[in-house]
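# Tertiary structure, described
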Amino acid sequence: MTQQLHIYNTLSREKEIFTPLNPPLVGLYVCGPTVYSDVHLGNCRTFISFDMIYRYLLHCGYKVRYVRNITDAGHLEGDRDEGDDKFTKKAKLEQLEPMEIVQKYTLGFRDVMREFNTLPPSIEPTATGHICEQIEMTRKIIDSGYAYVSNGTVYFDVENYNKKFAYGQLTNRKLEDLLENTRELDGQDEKKGRLDFALWIKAKPEHLMQWPSPWGWGFPGWHIECSAMSSKYLGNTFDIHGGGMDLQATHHTNEIAQSQACNHTAPVKYWMHTNMLTVNGVRMSKSAGNGFLPGELFTGNHPLLEKGYEPMAVRFFMMQTHYRSTLDFSNEALQASEKGFARLMAAIKTLDKIKPTAASTFDFKALQQKCYDAMNDDFNTPVLVAHLFDAVRVINSANDGKENLTAQDIDSLKTLMHHFVFDVLGLKDENAGGQNTALLDGVMKMILEIRAEAKAKKDFATSDKLRDALAALGITIKDGKDGAVWGN
Ligand code: AMP
Ligand code: ZN
């Protein structure tokens, strides 16, 4: 409909009109999780943002092939091709096969994605399932003169590549600046240049995941998997490549170099990057120790959480911030989103109760246009949400007899809400079973009162018994300064 979709392209640092290479087809590749541990809420933010982007492209009528990989090999602990790979380390720690680690966390990741109501990608390729493709790509890069073999490991020759192409273009940095900020080689290094990175890594005999290659037994570097799998499923040049902002400087910069060196063309038309989820201003990450898990968020079982939050309230919280802005987690912000989400759901139900009038006092077309304009402006979901709340006010006023809506208005509003709230923002009414939730709320209120009375009388046996019995049902109680709250 209406105005064209504009996408902010990291490569040009501008918003550009989106013109797919082969409309109505759109190729979308997003770097997926490294499945050696549970995904934290920060990872989820990136995948939920791309789910919204995927959903809007579908809503616009594009036929999208959405590829999101699973990194199940080759991701080393250090970013300079050193250390064990993350799977081998975890496997030794947990005394499991590396592929048991992969299976456990892949299933966990899919469960979490389902909780957040994300659509499954069209293809979810794994690094271990594409070893041949990665070897073949490495071989071609050697043949084209941009990689060399050193003691069984294959390195990409960044300085040689930079003679013809601009390495570092994605983050607008020149090779000289990058070199200045990189550690000198220590003389023992197998690399020729400080910025060279591994395409294929020679494995030590004790390394658990290794494969034969023209250069001996080894395993692929982390970056090559995305180049190999994106070109396999989406072609040598495709429309959109996405991931978190932290991947720009190294992972995506190296992906561009590999694909260009192998396929002699720039791989991606639009590079999209999501900003980070932070906690008290610090980026959420496994290493910072502030990475709480979605499960902890739903139950409230984490020191940073005052209570549990439902997945859809969390998704709504994320949609209230633009994907390119940082999003800081706080209990207050989440509780505000919880209320906002409940108001939105209530208004959608109210639409069924409004009595239509013959004439209208409301300009539906203008509202609809504003919603599309917001999404067409680089997927501006916070502005979209503001317009949806304009609709909520109109709906509530009409219900109070202060605004006139025709039957046509009411129908159009229902469709609009359905399209934007459910199809595009990917929300769903978790209380569709309505009555049961109200009943549970009532029962829980009563139980918490009984428990508070028991505690007041120092009858701790009863208060603990209630807490433990609820815990067995998956309901946690948290005592705060304003009394106890519960979550499940
Ligand atoms: P990983 O499993 O570490 O490879 O990360 C998977 C995805 O999550 C990548 O696209 C990262 O950029 C993204 N990511 C990691 N930490 C955060 C965060 N705090 N906020 C948003 N995205 C993140
Ligand atoms: Zn990737």
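Refer to the structure above for everything that follows.
Attention here is on the structure that accompanies the text. (Residues numbered from 1 in each chain as written. Chains lettered and ligands numbered in written order. Predicted model: local features only at pLDDT ≥ 70, side-chain atom pairs only at ≥ 80, totals over all residues. Heavy atoms only, no water.)

### Quick notes on the side chain of Asn-69
In this fold, Asn-69 is placed in the loop between strand E4 (63-68) and helix H2 (86-94). Look at Asn-69 and you get buried, because its relative accessible area is 1%. With near-sequence residues (within four places) excluded, Asn-69 lies in contact with Tyr-29, Val-30, Cys-31, Gly-32, Pro-33, Pro-125, Glu-225, Cys-226 and Met-229. (Helix = DSSP H or I, 4+ residues; strand = E, 2+ residues; numbered from the N terminus. Buried < 20%, exposed > 50% of the residue type's maximum accessible area, 1.4 Å probe, protein only. Contact = heavy atoms within 4.5 Å.)

### What about the sheet that holds E4?
Spatially, E4-E3-E9-E10 is the arrangement adopted by the four strands of the open sheet, whose pairing is parallel. In the strand order of this sheet, the two ends are held by E4 and strand E10 (268-274), each with one partner. Shown here is a sheet whose adjacent strand axes are inclined to one another by a mean of 20°, direction ignored. Sheet topology places strand E3 (residues 25-30) next to strand E9 (residues 238-244); three bridges connect them, and they run parallel. (Pairing = 2+ DSSP bridges. Axes fitted to C-alpha atoms, helices over the stretch in contact; angles between N-to-C directions.)

### Section: the site of ligand 1
Taken together, 16 residues surround ligand 1, and among them Gly-42, Thr-46, Asp-246, Leu-277 and Met-284 come closest. Contact between ligand 1 and Asn-43: an oxygen atom at 3.1 Å from a side-chain N or O atom of the residue. Met-284 is positioned such that a nitrogen or oxygen atom in its backbone is 2.8 Å from a nitrogen atom of ligand 1. Starting from 500 Å² of accessible surface for ligand 1 in isolation, the protein chains cover 93%. Sorting elements by how many residues they give to the shell around ligand 1 places helix H1 (residues 41-59) first, with four residues. Here the residues of the shell around ligand 1 are counted per class, giving six nonpolar, eight polar and two charged. (Near = heavy atom within 4 Å. Polar contact = N/O pair within 3.5 Å; in protein donor to acceptor, adjacent residues only side chain to side chain. Areas by Shrake-Rupley, 256 points an atom, 1.4 Å probe, with all protein chains shown as cover. Nonpolar A, V, L, I, M, F, W, Y, C, P; charged D, E, K, R; others polar.)

### Concerning the packing of aromatic side chains
One pass over the full model with this rule turns up 21 aromatic pairs. Ring plane angle 55° and centroid distance 4.7 Å describe the contact between Tyr-54 and Tyr-66, whose orientation is recorded as tilted. With Tyr-54 in helix H1 and Tyr-66 in strand E4, this residue pair connects regions lying 12 residues apart in the sequence. The exposure classification of Tyr-54 matches that of Tyr-66, with both residues buried. Taking the centre distance of 6.5 Å and the plane angle of 65° together, the rings of Phe-362 and Phe-364 count as edge-to-face. Considered together, Phe-362 and Phe-364 belong to a single accessibility category, that of buried residues. An aromatic cluster is present here, built from Tyr-146, Phe-156, Tyr-161, Phe-165 and Phe-197 joined pairwise through their rings. (Phe/Tyr/Trp six-rings, centres within 6.5 Å; stacked < 30°, edge-to-face > 60°.)

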